[in-house]
Amino acid sequence: MITPQRYWREIPQRYRLEAGKCRRCGYVAFPPRLICPRCKNREFETIKLKDEGKIVSYTIIRVPPEQFSDQAPYAIGIIELDNEVKILAQIVDCNFDDIAIGKRVKIELRKIRTEGEEGIICYGYKGVLIE
Ligand SMILES: [Zn+2]
């Protein structure tokens, strides 16, 4: 369950694929963090992630959590962006047979779901096959 406050606070990163790069050791945190998990440094530089990468693993969800029940079955994968950051995203606009490890995808911001009675629309990243 995602709260409106948390959602709105995260919007800049969500929309712009922004990550924090540690100024000391170079660790890239996405979403950005306050403290580097590798060296405990607190100084980050904001970098923009590449919007393309490759599938490193995926699975087909046939029995989803309730809020996604109208979308099942769907594919979800771990996508390694070109600067080595991995993100979890739904893989859309393709047949499941076309999804394979190593295939290249482009990351797009899409509507994920409408949350609750207030009708808050959640956006998130989805992967679209390039090849
Ligand atoms: Zn660091």
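Computed from a predicted structure; not experimentally measured.

Let us look at the coordination of the zinc ion. For the zinc ion, the full set of protein donor atoms is Cys22 (SG), Cys25 (SG), Cys36 (SG) and Cys39 (SG), and the range of their distances to it is 2.3 to 2.4 Å. One way to put it: the four donor atoms around the zinc ion meet at angles of 104 to 114°, and that makes the site tetrahedral. Mapping the donors of the zinc ion onto the primary sequence gives the spacing C-x2-C-x10-C-x2-C. Of the two residues, cysteine 22 is situated in strand β1 (residues 18-22) and cysteine 39 in the loop between β2 (28-29) and β3 (44-48); the sequence distance between them amounts to 17 residues. The burial state of cysteine 22 is the same as that of cysteine 39; both residues are buried.

A few words now on the sheet that holds β2. Overall, antiparallel pairing links the three strands, which are arranged β2-β1-β3 in an open sheet. Here the strands that pair on one side only, and so sit at the sheet edges, are β2 and β3. As paired elements, β1 and β2 share two bridges and run antiparallel to each other. Within β2, the position partnered with lysine 21 by the bridge is valine 28.

How each quantity is defined
Residues numbered from 1 in each chain as written. Predicted model: local features only at pLDDT ≥ 70, side-chain atom pairs only at ≥ 80, totals over all residues. Heavy atoms only, no water. Donors = N, O, S within 2.8 Å, 3.2 Å for Na, K, Ca; no water. Tetrahedral: all angles 85-135°; square planar, octahedral: opposite > 155°, others 65-115°. Helix = DSSP H or I, 4+ residues; strand = E, 2+ residues; numbered from the N terminus. Buried < 20%, exposed > 50% of the residue type's maximum accessible area, 1.4 Å probe, protein only. Pairing = 2+ DSSP bridges.

On their own, these measurements won't tell you what the molecule is for.
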